[in-house]
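Here is what each chain is made of, one letter per residue.
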Amino acid sequence: MAASAQPEQAAPATQPESWWGDDDNDADAGGATLRPALRTQPASGAVQAPHEPSILTVCTGNICRSPYMERVLAHELAPLGVRVSSAGTGALVGQPIEPGSARLLEARGVDTSNYAARQLTEEMVAGADLVLAATREHRRLIVQVAPFALRRVFAVLDFADLCEGLTPADVARARGDNVVAQLVAAAGARRAQVPARQDDAADVVDPFMRGDAVFRQMQAQLDGPLATISRVLSPSV
């Protein structure tokens, strides 16, 4: 599928020591300012991701950033049968996609219908092979609620950095129950090789109630990384 032209992005600033949020301290989201995800009783076998390839995208209200990620990935990865869903750490439950995000999706031919914002739960995380968060703070909140998923929850820009340079062949050689689980394994193996972004370059801007220019900024931050993830999973994208 032909990708739309993307604005040129400056290389992100990196930290001298890698920050990939891969230690147990991330299970404690001390100082968090977002409403934590709803903690419920874990489903049977919650630590194991399902065989069906699945991706969960997460932001705060689940009406701007995470539905944009969800619908773009679902559109691009449809031929692979990847299930993509989204949720919010402080969701505006039942609300449709915010018009600013919906207009951007529709302009690229992506469906925005049949959508309702959902509050994140532990079961949603347990049912995903990969969880992509809009910011590192969202990642901390997710891991606080679902510490068993530590190794498969990433800020989306961080995850795309890990995917840069990977090929579908690299993914096919990695261990995992399905193609998304294999991608997580292949990307995770590159943590020692890829410099991590500085915190201020690792988060996707929240455009909620901030006008079309900020929605376009969100799109500019997301389109390249989402294309990278899609390309590694599906060479035809």
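Below: a short report on this structure. All values derive from a computational prediction rather than experimental measurement.

The element strand β2 (residues 83-88) is extensively covered by neighbouring structure, given that five of its six residues are classed as buried. Bridge count between strand β1 (residues 54-59) and β2: six bridges; the pairing is parallel. Note on β2: the bridge partner recorded for Leu-56 is Ser-85. You can see the chain leave β1, run along helix α1 (residues 65-77) and come back into β2, and the turn it takes is right-handed.

A few words now on the pattern of salt bridges. Side chains that carry opposite charge are capable of pairing whenever their charged atoms lie near each other. Tallied over the full model, the rule gives eleven salt bridges. Between Arg-71 and Glu-70 there is a salt bridge, and its shortest N-O distance comes to 3.2 Å. This pair shows no difference in class: Arg-71 is buried, exactly as Glu-70 is. Where Arg-108 meets Asp-223, a salt bridge forms, and the shortest distance between an N and an O atom there is 3.1 Å. Placement of Arg-108 in the loop between α2 (99-107) and α3 (122-126) and of Asp-223 in helix α8 (residues 212-233) is noted, with a sequence separation of 115 residues between them. Judged by relative accessible area, which is 27%, Arg-108 ranks as partly exposed. By relative accessible area, which is 6% here, Asp-223 ends up buried. Residues joined by salt bridges that share partners form a network here, namely Glu-76, Arg-108 and Asp-223.

Before going further, it helps to examine the packing of aromatic side chains. The full count for this structure, using the stated rule, is one aromatic pair. Judged by centre distance (4.8 Å) and plane angle (50°), the rings of Phe-154 and Phe-159 are tilted. In terms of burial, Phe-154 and Phe-159 fall into one category: buried.

Once that is clear, we can look at α1. If you check α1, its first and last C-alpha atoms are 18 Å apart, about what 13 residues at 1.5 Å a residue would give, namely 18 Å. Here α1 lies mainly inside the structure; eleven of its 13 residues are buried. Those residues of α1 that sit buried are Arg-65, Ser-66, Pro-67, Tyr-68, Met-69, Glu-70, Arg-71, Val-72, Leu-73, Glu-76 and Leu-77.

Quick notes on the rules
Residues numbered from 1 in each chain as written. Predicted model: local features only at pLDDT ≥ 70, side-chain atom pairs only at ≥ 80, totals over all residues. Heavy atoms only, no water. Buried < 20%, exposed > 50% of the residue type's maximum accessible area, 1.4 Å probe, protein only. Helix = DSSP H or I, 4+ residues; strand = E, 2+ residues; numbered from the N terminus. Pairing = 2+ DSSP bridges. Right-handed = clockwise from strand over helix to strand, strands pointing away. Salt bridge = Lys/Arg side-chain N within 4 Å of Asp/Glu carboxyl O. Phe/Tyr/Trp six-rings, centres within 6.5 Å; stacked < 30°, edge-to-face > 60°. Expected span 1.5 Å × (residues − 1).

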